[in-house]
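Coordinates in review
Below, each chain spelled out in residue letters.
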Amino acid sequence: LKPFWLKVLAEKFGSSRLAVGCTCTSGTRCEWQVGETVARLGLVWAGLPCPGLCSAGARCAAMAGGGQAASAGEKDKSHTILEAIELSDESDDEFAYEELPDEPELHDEEEETLDDINRLLAEAKPSDGTQAAPDVDGPAKVQQRPQVIDDFFRNFLIKNGMKRSLDTFQTEWYELQQSGKFKDSELQVVPDIYTRNHGLHEEVIMLRNEVEKARQVAQTAKQSWDKFRKERDFHRMHHRRVVQEKNKLIVDLRRLKKHYEQYEPTLTELKHKYEVAMKEKMLMRLERDRFLSKVETLQKQLSQVQADAKDEPMNQEEQLGETSRRMKQAPWPSEDRTNPYANSNFDAARVSDLKKSQTFKGHLGAVSRIAFHPKIPVVATACDDHTWKMWSMPEGQLVLSGEGHRDWVSGVAFHPRGSLVATTSGDFTVKVWDVAKERCKHTLTDHNQAVWACAFHDLGDFLVTCSMDQTTKAFDMQSMRCRQTFRGHVDSVNYVTFQPFSNNVLTASGDKTVSMWDLRTGLCVQTFYGHANACNQAVFNNKGDTIASCDSDGIVKLWDVRVVSEYLQIDTGQHPANAASFDRSGKVLAIASGDASIKTFNVEERVFVANLEGHDDSVQDVAFEPTGDKYLLSASSDASFAMWQ
């Protein structure tokens, strides 16, 4: 081939690929791919002279004249020479070229040949590779293409000095290539080992990172599993303990049920015996009363017979003794007395301004009742600690302490003259105390159950008491005997008082009724119905025309005595209303409530006024200062009584 064609082939394929057997004397690879190019064109490489474009500027050792020297020279840089052809560029200058005539057929053939070569080169060139235009602006870039498979083998054989293997490989390779037995897929380039190793290295690093992450996830999962397992074991143990306790409770419940079943017949029998005993007791009480009445009748008849049988007149001493006995009984109060407060008009107490000023603690139990002295600023309190005490007000100094009851003291009342005090107790007795002599004057034992309250008549001749035995009794203060018994309630009588300046007795009972009785006849004058629970107390105002009754449901009812009807109902809440008290004007009502407060209402305007709070336990009694409503006293179950000013 001429240098012209070599240049054409070099321009088409580039100068970056190494020639198969072209090595310069300086050891630099030739930039011309002559061997591969000629092989692709189907030509036989026969050791053509180097075009002389090596980077070192040296002549190639594969020139025609140096073929033999190359075969006897270096092992790694020798070529396999099929046929030695001597080409000399120097002869071109001396050779006399003849001028040939232009033959059009020859031009056509040459043009056709050139076109065929261009077409063949275009087909042999990769589809995605195009001739890169020279970069005018930037510096030239050198790209290294990957080795093809045949060049890889040649370089391997040359590197290891395997000349005969190289000759045999080239002969067979070109024969097979010329015969067309190789497919395009088989003539691929050799993979770049470094690139593959680098990719594998990165893949190994990535897989190691994933393995490390998986290890961390596994470690976290293991810790979570250990935690859940511990919690599971704890809850399992707790569940077993709960099951054991449940089984134990079930066994205890069954045992208690059996035990209760054993006692149930006994309880039924005892209940039946109790009912029978109560019936017998009532029958015996009735029989006792009947026998007592018969005994009294017989005694009167006997005394009359004895008086008639005696012929001798009574001596002077007997006449004086009979007269003195008859004079000991006090006469019944008259009915023509008038109430001095009937036409009075006092100002209502200013309960909205009341505040707790003092608290007096001197008892050891609940203070159940409080009463004012009629003449001097002294109050008396009854307590569950079996004592009653007198206090000077408003200082609250202890004046007198009464001890003698064997059970709780439920009520206390002053005589209108202030010289006597009556107390009631759970020991079934009523005691009358002489304040001046500081001793018990008399003990009344007519009641057969606990006595709840007592009250003196405004004249001071009679004392009424109420008891759990469902009766109210009137005692003569001169003879200290029971002059009247009021029967009619079917439950405990919880409170008793007199209508101001009259002969009427007012009682409040556990049978949900409030009744008025005539002191002289012992008959019930009027009964007020309307409460749904036991009545704890019932009081009059000073005029005597209004009754305030309170029950255990917290309901307070106001009744008009003149028309015998209810005209106002006050609901104090869920706690019981223990006591109530009118002020001097009768317009303000103070209620002692079970919720440890005192509730005040204006009954004239029918409005709630104030709620006084200050006690620690239920308020049992409340009372206004009688002379001028200067202050309010309250007794509580917290073992104290308080002053509100």
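The text that follows walks through the structure, step by step, so that each part is easy to find.

What follows deals with unusual backbone geometry. Pro 394 follows Met 393 through a cis peptide bond whose omega is 5 degrees. Among the secondary structure elements, Pro 394 is positioned in the loop between strand 4 (387-392) and strand 5 (397-403). Phi is positive for Glu 438, which is not a glycine, with a value near 55 degrees. Along the chain, Glu 438 falls in the loop between strand 8 (430-434) and strand 9 (439-444). Of note, Val 564 is a non-glycine position whose phi angle comes to about 55 degrees, a positive value.

A complete count under the given rule lists 21 salt bridges for this structure. Between Arg 241 and Glu 245 there is a salt bridge, and its shortest N-O distance comes to 3.5 Å. Here Arg 241 pairs with Glu 245, and both are found in helix 8 (residues 193-309), just four residues apart, close to one helical turn. Accessibility expressed as a relative area gives 41% for Arg 241, which makes it partly exposed. Several salt bridges share partner residues, and in doing so they unite Asp 150, Asp 151 and Arg 154 into one network.

Reading across the sheet, the four strands line up as 6-7-8-9 and stay open at both edges, with antiparallel pairing between neighbours. Each edge of the sheet is formed by a strand with only one pairing partner; in this case those strands are strand 6 (409-414) and strand 9. Sheet twist, expressed as the mean angle between neighbouring strand axes with direction ignored, is 25 degrees. Bridge analysis of strand 8 against strand 9 gives five bridges, and the strand direction is antiparallel. Looking at the pairing, Val 432 lines up with His 442 of strand 9.

It is worth spelling out the packing of aromatic side chains at this point. In this structure the tally under the stated criterion is 13 aromatic pairs. Between Trp 408 and Trp 452 the ring centres are 5.2 Å apart and the planes differ by 20 degrees, which places this aromatic pair in the stacked class. One end of the pair, Trp 408, is in the loop between strand 5 and strand 6; the other, Trp 452, is in strand 10 (residues 451-456), and 44 residues separate them in sequence. Of the residues examined, Trp 408 reaches a relative accessible area of 24% and is grouped as partly exposed. Consider the rings of Phe 528 and Trp 559, whose centres lie 5.3 Å apart with planes at 50 degrees: the pair is tilted.

Membership of the largest hydrophobic core comes to 40 residues, with the highest contact counts inside it found for Val 464, Val 505, Leu 519, Ile 547, Val 556, Ile 570 and Leu 589. Discounting chain neighbours no more than four positions away, the residues touching Val 464 are Ala 453, Cys 454, Ala 455, Lys 473, Ala 474, Val 496, Phe 498, Val 505 and Leu 519. Within the second largest apolar cluster, 16 residues are counted, among which are Leu 354, Val 622, Leu 632 and Trp 644.

The next thing to look at is the environment of Leu 420. Tracing the chain through its elements places Leu 420 in strand 7 (residues 420-425). Leu 420 sits 17 residues away from Lys 437 along the chain, and the two C-alpha atoms are 9.9 Å apart. Dropping the residues within four chain positions of it, Leu 420 is found in contact with Ala 413, Phe 414, His 415, Val 432, Trp 433, Asp 434, Val 435, Lys 441 and Met 477.

The strand order across the open sheet built from four strands is 10-11-12-13, with neighbouring strands paired in antiparallel fashion. Each edge of the open sheet is held by one strand with a lone partner, namely strand 10 and strand 13 (481-487). Mean inter-strand twist for the sheet, computed between neighbouring axes without regard to direction, equals 20 degrees. Note that strand 10 and strand 11 (residues 462-467) share five bridges and pair antiparallel. When the bridges of strand 11 are listed, Ala 453 appears paired with Cys 466.

Taken together, the side chains of Tyr 260, Tyr 263, Leu 267 and Leu 270 make up a nonpolar region of the molecular surface, amounting to roughly 430 Å² of accessible area. A relative accessible area of 48% places Leu 270 in the partly exposed class.

Bringing the side chain of Lys 557 into the picture now. Assignment of secondary structure puts Lys 557 in strand 20 (residues 555-560). Residue classification places Lys 557 among the buried residues on the basis of a relative accessible area of 5%. Among the polar contacts listed, one links the side chain of Lys 557 to the side chain of Glu 566, at a separation of 3.3 Å. Within the structure, the side chain of Lys 557 is placed 2.5 Å from the side chain of Gln 569, a separation counted as a polar contact.

Running from N to C, helix 6 (residues 149-159) and helix 7 (residues 163-179) point in directions that differ by 165 degrees, and their axes come no closer than 9 Å. Viewed along their axes, helix 6 and helix 7 adopt a mutual orientation that is roughly antiparallel. At the point where helix 6 passes helix 7, the crossing takes the left-handed sense. Here helix 6 contributes Ile 149, Asp 150, Phe 153, Arg 154, Leu 157 and Ile 158 to the contact with helix 7, which in turn contributes Ser 165, Leu 166, Phe 169, Gln 170, Trp 173 and Tyr 174. For the contact of helix 6 with helix 7, the class distribution of residues is eight nonpolar, two polar and two charged.

Calculation notes
Residues numbered from 1 in each chain as written. Predicted model: local features only at pLDDT ≥ 70, side-chain atom pairs only at ≥ 80, totals over all residues. Heavy atoms only, no water. Helix = DSSP H or I, 4+ residues; strand = E, 2+ residues; numbered from the N terminus. Salt bridge = Lys/Arg side-chain N within 4 Å of Asp/Glu carboxyl O. Buried < 20%, exposed > 50% of the residue type's maximum accessible area, 1.4 Å probe, protein only. Pairing = 2+ DSSP bridges. Axes fitted to C-alpha atoms, helices over the stretch in contact; angles between N-to-C directions. Phe/Tyr/Trp six-rings, centres within 6.5 Å; stacked < 30°, edge-to-face > 60°. Core = buried A, V, L, I, M, F, W, Y, C linked by side-chain atoms within 4.5 Å. Contact = heavy atoms within 4.5 Å. Patch = residues over 30% accessible without salt bridge, like charges linked within 9 Å, V, L, I, M, F, W, Y side chains within 5 Å. Areas by Shrake-Rupley, 256 points an atom, 1.4 Å probe, with all protein chains shown as cover. Polar contact = N/O pair within 3.5 Å; in protein donor to acceptor, adjacent residues only side chain to side chain. Parallel < 35°, antiparallel > 145°, perpendicular 65-115°, else oblique. Left-handed = near helix turned anticlockwise from the far one by under 90°. Nonpolar A, V, L, I, M, F, W, Y, C, P; charged D, E, K, R; others polar.

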